[in-house]
Amino acid sequence: MTTLRGGVPFSLRLEPRLEVSRWLSPALTAGALVVALVISGLILGMVGADPIRVYLHIVGSSLGSVGAISDTLVKSTPLILTGLACALAFRMRLWNIGAEGQLLLGAWAASAVVLVPLVPVGTPGIIVLAMMLVAGFLGGAAWGLIPGILRAKFGVNEIIATLMLNSIAFAWIQYWVFGPWTEGGFQMSEQFPTEAWLPRLSDLADAIPALRGLTVHGGFLIALAAAVVVWLVVERSAWGYEIRLIGDSPRAAKYAGIRIARNILLVFAVSGGLAGIAGMAEVAGVVHRLQDNFSPGYGYTAIIVAYLAKFNPLRVVPVAILFGALILAGREIQPSGVPGMIQGIILFCLIASEVFLRFRVLIVHRQPVAAVAGVEE
Amino acid sequence: MDLQLIMAAGIAVGTILLFAAVGEILAERAGVINLGVEGMMLIGAVVGYATAVSTGNAWLGVAGAMLAGGLLSLLHAIVTITLRADQVVSGLALTFLGTGLARVLGEGLSKAGAISLLPRFSVPLLSDIPVLGPIAFTEQSILVYVGYLLVPATWYWINRTRPGLHLRSVGEEPAAADALGVSVYATRYRYVFIGGMLSGLAGATITLAVQPGWFGALTVNGRGWIAVGLVIFAQWSPFRAAAGAYLFGAVVQLTLAMQLPPTILGLANPFFQYHANTFFLEMLPYALVLVALVVGSRDAMRKRIGAPAALGIPYVRGERGR
Amino acid sequence: MSTQTPTAVASPAPAVGLRGIVKRFPGVVANDGVDFALAAGEVHALLGENGAGKSTLMNILDGLYQPDAGEILMDGRPVAFRSPRDAIAAGLGMIHQHFTLVASMTVTENILIGLDRPRLRLDLRRYDAEVGRLAEAHGLNVDPRAKVWQLSVGERQRVEILKVLYRGARVLIMDEPTAVLAPLEVDDLFRTLRSMTAAGRSVVFISHKLGEVLAIADRITVMRRGRVTAAALPAAGATKAQLATLMVGRAVLESLERTPMPPGEPVLALEGVEADNDKGLPALRGVSLEVRSGEIVGIAAVAGNGQSELAEVVTGLRQCRGRVMVSGEDIANKPVRKAISRGVAHVPEDRTGVGTAPNLSLVDNLIMKRYRASPIGRGWTIDMGAARAAASQLKDSYEIVAPSIETQARLLSGGNIQRLILAREIESKPRLMIAVQPTRGLDVGAVESAHRLLLERRAAGAAILLISEDLDEILALADRVAVLYEGRVAGIADTADTDINRIGLLMTGGAGGDPAPEPATGGGAG
């Protein structure tokens, strides 16, 4: 219990909550979102933009039509997968900020299947895509294992390590798209053969004309399946229990006979693998080639997605769709920093709102104190 | 390649990291990790630059940058010290917010014309020292010299003064400090704010002295994170942070310089021959940080020293934090 | 016993007075209209069981908490302390049970924290000399330049005392000051306290140990459940039985039925075990020890003499050299899981940091050691239904008081957290139990139930290693007692053949030429 002081006649007192009602957490999350949007609106107003129009624009361009909704789902696909990557790692309080780099390496490894090529030309699409999926997972997992090993072996802070590896991964992609895989000196590879394209809804447009132009692709289904699998693992498996235990108290976990180092490696590998699949889904489902700027920072937005979903894999899906809409609409919003700023404000409001979950916040009026400290006057 | 020039430029670039790292050391010595350095640097960079553009006075820019960095850091202070939220997540949020806000504020700023920068000068006598003089004391920005003074001053402040004693006690054993009447909250607020100001200064060092101009998020380009990494490498000592910062600056400058000449030491330069190879040079500084982290973390594990004991733990009176 | 004249005790305006103090915490009233009066120059004991409200009362006096009602008087005038700083300024110094010292700093630096001077530059050499003189003047032997982490527990306590004396404290409040001290160190402390009261200072001595209260106090105030049950009782003439009744509310003193058991097979055998502490310094230097089935072996040692490391070595939490035989198999340096599967249960010293995961539910905490075994573990999945059923059953049979099995462990009281840990560890039907400080900080009821559970395990044939700083507890429960001093077994004896003084002597390394009645099993005193 603490009393906070300032130069005001009342003070704030935090008392631990003994019981939390069921509706409090979702209500706080909703409240935090509203507050974040109001604050963002105020800032937008101050820099001369019309917040109402910006918000209407975001809603309109992401949910205004079937095509827009489809585009939103396309943007949310990598966010679901990287969001799952972060949620899994964060559950163990392993701060994997490297989903972006792991996504890039996954995209690179999946591209290698086609561009090296690792499969003979003419291999059926289903086999090519399966190999790309595996390669994407392995590429991301390998990139995730590096900070895992550094953390488990040398105690290196994983936040900094993963961030450095993000930058290295970006340079690595640039090397390949400017160098060995360049198409005529542009910063992109040649287009993949259609066997390496994930099927889209619009592929069925010949049979069902209404699907024409809908870009949502098979990666979205992969992402949904991944969400269910990750949920089963973290909520129902012994391994999920171990992750929960380590996340809350590594010393208690060690005492319970759980091998911490091994779990750090495992979680980092699986987390990186999930992000790697996101990279695979982007190159095989959206851009159909490797280029250096296909991710607008999905791996970073994923951090907020995971946090907003309270690390619950199933909740990652709707939250990712919400942020997919923000990213989609954000491309046209001026000034260009607005979506990032809104994301930051949302995250701040969220963590600030959690204080109400853990504590009852009381405002105490301070009674005037006649004599302070009875030393001789 | 003129090694002396490269080293001199390395020191200037290292000064950016130095300010940010020293700021972070002060905050962490008080027990608060602030991972928002990148965001605070960007805010400092943009506010410093915009202020200098609109007032024509680079010094006002520096003041504005420090104030802006400090104000942004107060958000982190409120959320983590008063509301006891997780310091890691709050720092990440600060980075997002700072980066986004800086880009919003910097809209159109990249087209601003030339501005007056902070003064550069050579130090009489010291610049005559062989090797060291031309590198460290010739035609450097005034902020580079400020950096030289800041390092010993910070060390002295932490280890040899009464406020420094209180700072350390709050970061190591807040219950002890509290019981003896040192306000844990006020101390932490103060040093988080100072850390934010120094991050803001680091941003202004970029835009007003070392690499003038506004290039969006690329202005800082991850250097805030490198500064946070340096703190671990430096084991919370300003002198080691300075060594790391200057070394890092020199390596960065070296990798840039190595892209230019057709031959190096008579051998064909692979980075000149095949442009894509330069991306390996770009990776080098980040790989260096990883190596530095391994070295720093292993040292800390072996000597069983390192982070302030209460780092990252919110203080609650009468409770043993976790 | 007292060196005070009666007039000093009976002076009209007490040095410190507390009137009608009320302090509520969520769910409890810690102080319910408490009055307390401290005279100048006396040692005034505040007696009560854990949870009676003694520490809360003193934390209010020290400015750490604000009372909900009531007033504090110093020399008859009302005062209000907003923080310990105010209390110190008024001449009140509190010495907490858990020392609040910065381990990485020197003694002098620790003493200087929070002072208004010097303005800026810290001339440590000057202050080292000042602190040295102060220490000498009060017979508090400690090196001002030593780093605190290098000091023994007794020395650390002296630093705490120096801290308040340096600030000119007239009143010292000591919260359970003897809890971590060896008997000889207690004597030193009592000498220091007497010299201070002789110089006109007053001491509030908070304790739940009847013997030492009678030995040091001039007057005694007893608290029970937040209220005063006896105010300012003169110590001369008071009896243990009388105090116990006032403290517990019934006449009985705890008496344990420890039925004689024939010693069984050795379950734990340590052979020449050496290990380092967290700082990389030697903590165990060749320990050999045996614990047999149906036997409780107590480990007596002053904090920091290797007992914590000993528990960690046996449970697999710490690397070591030498052999750790459990039922004939060497499990030294094997994974923790190995020890668990060999039937080693562990009641750890740190209940909230190690023994439980604070933010997880009762269920999660109760299945910690058997989530892989049937019926809870099924292949790679966990059957949460079975887990909940098992948790409910444990919650009922061990009387863990909590709103539900989904309640987070951190919301439980100390006694209930310990019941949770004991329930989990005992339910595994261990062959060997390592119990570290199993009753520290618990109230009388919880202590009794913990003791009963340990004796039941002994009767069921388990071997129990009981590591405790409470010598009375060891003497009451253990069949044999081994004394650890500086990482070595300084002596080992049947509890029936030894007494607290001899153990105390061994604990402080003071018995080099005075061998224990029975040589250490396996000759481990190296």
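Residues numbered from 1 in each chain as written. Chains lettered and ligands numbered in written order. Predicted model: local features only at pLDDT ≥ 70, side-chain atom pairs only at ≥ 80, totals over all residues.

Novice: Can you tell me about the overall build of chain A, naming the residues and giving the values?
Specialist: Helix and strand counts for chain A stand at 13 helices and 3 strands. Scored against the burial criterion, the 377 residues of chain A give a buried share of 52%. Across chain A, every contact between residues at least 6 apart in sequence was considered, and the portion connecting residues at least 24 apart equals 76%. (Helix = DSSP H or I, 4+ residues; strand = E, 2+ residues; numbered from the N terminus. Buried ≥ 20, exposed ≤ 12 C-beta atoms within 10 Å, placed from the backbone. Contact = placed C-beta atoms within 7 Å.)

Novice: Quick rundown of the overall build of chain B? Include the residues and the values.
Specialist: Secondary structure assignment for chain B yields 13 helices and 4 strands. In terms of overall dimensions, chain B is globule-like: its C-alpha atoms have a radius of gyration of 20 Å, near the 20 Å expected for 322 residues. Projected onto the principal axes, the alpha-carbon positions of chain B cover approximately 65 × 50 × 45 Å. Residue burial in chain B is summarised as follows: out of 322 residues, 56% are buried. Counting only contacts in chain B whose residues sit at least 6 apart along the sequence, the fraction spanning at least 24 positions is 77%. (Rg over C-alpha atoms; globule rule 2.2 N^0.38 Å.)

Novice: A description of the interface of chain B and chain A should follow, citing residues and the corresponding values.
Specialist: At the interface, 46 residues of chain B touch 39 residues of chain A. Breaking the side of chain B that touches chain A down by element, the ones donating at least two residues are α3 (58-82), α4 (87-105), α10 (223-233) and α13 (278-303) of chain B.

Novice: Please provide a residue-by-residue account of the interface of chain B and chain C, values included.
Specialist: Taken residue by residue, the interface counts 20 residues in chain B and 22 residues in chain C. For the side of chain B that touches chain C, the elements supplying multiple residues, two or more each, are α7 (162-172) and α8 (174-179) of chain B. Of the residues contributing to the side of chain B that touches chain C, the split by class is 7 nonpolar, 5 polar and 8 charged. (Nonpolar A, V, L, I, M, F, W, Y, C, P; charged D, E, K, R; others polar.)

Novice: Account for the confidence of the model for chain A, with residues named and values stated.
Specialist: Residue and element names in this part refer to chain A. On average, residues of chain A score 88 in pLDDT, and 92% of them are at 70 or above. Low confidence marks residues 1-7, where pLDDT is under 50. Its contacts with residues over four positions away, or in another chain, come to 15 contacts. The low-confidence segment residues 367-377, where pLDDT is below 50, has 18 contacts with residues more than four positions distant or belonging to other chains. (pLDDT = per-residue confidence, 0-100.)

Novice: How would you summarise the sheet that holds strand β22 (residues 488-494) of chain C if you had to cite specific residues and measurements?
Specialist: Residue and element names in this part refer to chain C. Taken together, 6 strands build an open sheet; the order of strands is β16-β19-β20-β13-β21-β22 and the sheet is mixed. Among the strands making up the open sheet, the edge pair consists of β16 (344-347) and β22. Within the sheet, the average angular offset between the axes of one strand and its neighbour, ignoring direction, is 15°. Both strand β13 (residues 296-300) and strand β20 (residues 463-468) contribute to a ladder of 5 bridges, which runs parallel. For Ile296, the partnering residue across the bridge sits in β20 and is Ile464. (Pairing = 2+ DSSP bridges. Axes fitted to C-alpha atoms, helices over the stretch in contact; angles between N-to-C directions.)

Novice: Explain helix α7 (residues 218-236) of chain A to me, using residue names and the numbers behind them.
Specialist: Residue and element names in this part refer to chain A. Taking 1.5 Å per residue as the helical rise, α7 with its 19 residues ought to reach 27 Å, and the 27 Å between its terminal C-alpha atoms agrees with that figure. By the burial criterion, the buried members of α7 are Gly219, Phe220, Ile222, Ala223, Ala226, Ala227, Val230 and Val234. Seen along its axis, α7 keeps its buried residues to an arc of 150°; they face one direction. Pointing more than 90 degrees away from the buried face of α7 are the exposed residues Ala225 and Val228. (Expected span 1.5 Å × (residues − 1). Arc of directions from axis to C-beta.)

Novice: I'd like to hear about the sheet that holds strand β7 (residues 171-175) of chain C, residue by residue, with values.
Specialist: Residues and elements named next belong to chain C. Strand order in the open sheet formed by 6 strands is β6-β7-β8-β3-β9-β10, and the pairing between neighbours is mixed. Single-partner strands in this sheet number two, and they are β6 (92-95) and β10 (227-234). Here the average twist between neighbouring strands, direction ignored, is 15°. Inspection of the sheet shows strand β3 (residues 43-47) paired to strand β9 (residues 219-224) by 4 bridges, in the parallel sense.

Novice: Provide a residue-level description of the packing of helix α13 (residues 338-358) of chain A against α4(B), including the pertinent values.
Specialist: Orientation of α13(A) relative to α4(B), taken along the N-to-C sense of each, is 150°, at an axis distance of 7 Å. Taken together, the axes of α13(A) and α4(B) are roughly antiparallel relative to one another. Crossing handedness for the pair α13(A) and α4(B): left-handed. For the pair α13(A) and α4(B), contact is made by A:Val338, A:Gly340, A:Met341, A:Gln343, A:Gly344, A:Ile345, A:Leu347, A:Phe348 and A:Ile351 and by B:Val89, B:Ser90, B:Ala93, B:Phe96, B:Leu97, B:Thr99, B:Gly100, B:Leu101, B:Arg103 and B:Val104, respectively. (Parallel < 35°, antiparallel > 145°, perpendicular 65-115°, else oblique. Left-handed = near helix turned anticlockwise from the far one by under 90°.)

Novice: How would you summarise the environment of B:Asp86 if you had to cite specific residues and measurements?
Specialist: All names here are of chain B. Considering the arrangement of structural elements, one finds Asp86 in the loop between α3 and α4. Asp86 sits in the partly exposed class, given 19 other C-beta atoms within 10 Å. Placed 228 residues apart in sequence, Asp86 and Pro314 show a C-alpha to C-alpha distance of 8.3 Å.

Novice: A description of the pairing of β6(C) should follow, citing residues and the corresponding values.
Specialist: Residue and element names in this part refer to chain C. Burial along β6 is two-sided: Leu92 and Met94 and Gly93 and Ile95, pointing in opposite directions, are all buried. As paired elements, β6 and β7 share 4 bridges and run parallel to each other. Paired with Ile95 across the bridge in β7 is Met174.

Novice: Mind laying out helix α2 (residues 37-55) of chain B, listing which residues take part and the relevant values?
Specialist: Residues and elements named next belong to chain B. A rise of 1.5 Å per residue sets the reference length of α2, with its 19 residues, at 27 Å; its end C-alpha atoms lie 26 Å apart and thus fit the reference within 8%. Within α2, 16 of the 19 residues are buried, leaving the element largely enclosed by the surrounding structure. Positive backbone phi, at 75°, marks Gly56, one or two positions downstream of α2.

Novice: Quick one: what's the story with unusual backbone geometry, residue by residue and with numbers?
Specialist: Between A:Val116 and A:Pro117 the backbone carries a cis peptide bond, its omega angle lying at -15°. With respect to the helices, strands and loops of the structure, A:Pro117 is situated in the loop between α4 (99-115) and α5 (125-154). In this chain, C:Ser374 is followed by C:Pro375 through a cis amide linkage whose omega measures 5°. Structurally, the position occupied by C:Pro375 is in the loop between α13 (362-366) and β17 (377-378). For B:Gln235, which is not a glycine, the phi torsion comes out positive at approximately 50°. Mapped onto the secondary structure, B:Gln235 falls in the loop between α10 and α11 (238-257). A tally of 17 C-beta atoms within 10 Å means that B:Gln235 is categorised as partly exposed.

Novice: An account of the packing of α4(A) against helix α6 (residues 158-178) of chain A is requested, with residue identities and associated values reported.
Specialist: Residue and element names in this part refer to chain A. Interaxial distance between α4 and α6 falls to 8 Å at its minimum, and their mutual angle equals 30°. The orientation of α4 relative to α6 falls into the category roughly parallel. Once α4 is placed against α6, the crossing between them reads as left-handed. Listed contacts from α6 to Glu100, Gly101, Leu104, Leu105 and Trp108 of α4 are Thr162, Leu165, Asn166, Ala169, Phe170, Trp172, Ile173 and Trp176.

Novice: If you had to explain the pairing of strand β4 (residues 69-74) of chain C to someone new, which residues and values would you point to?
Specialist: All names here are of chain C. Sheet analysis places strand β1 (residues 16-25) next to β4, joined by 5 bridges and oriented antiparallel. Bridge assignment links Gly17 to a residue of β4, and that residue is Leu73. Bridge count between β4 and strand β5 (residues 77-79): 3 bridges; the pairing is antiparallel. Along β5, the bridge assignment pairs Leu73 with Pro78. Here β4 folds back onto β5 in antiparallel fashion, the turn holding 2 residues, of which Asp75 has a positive phi close to 50°.

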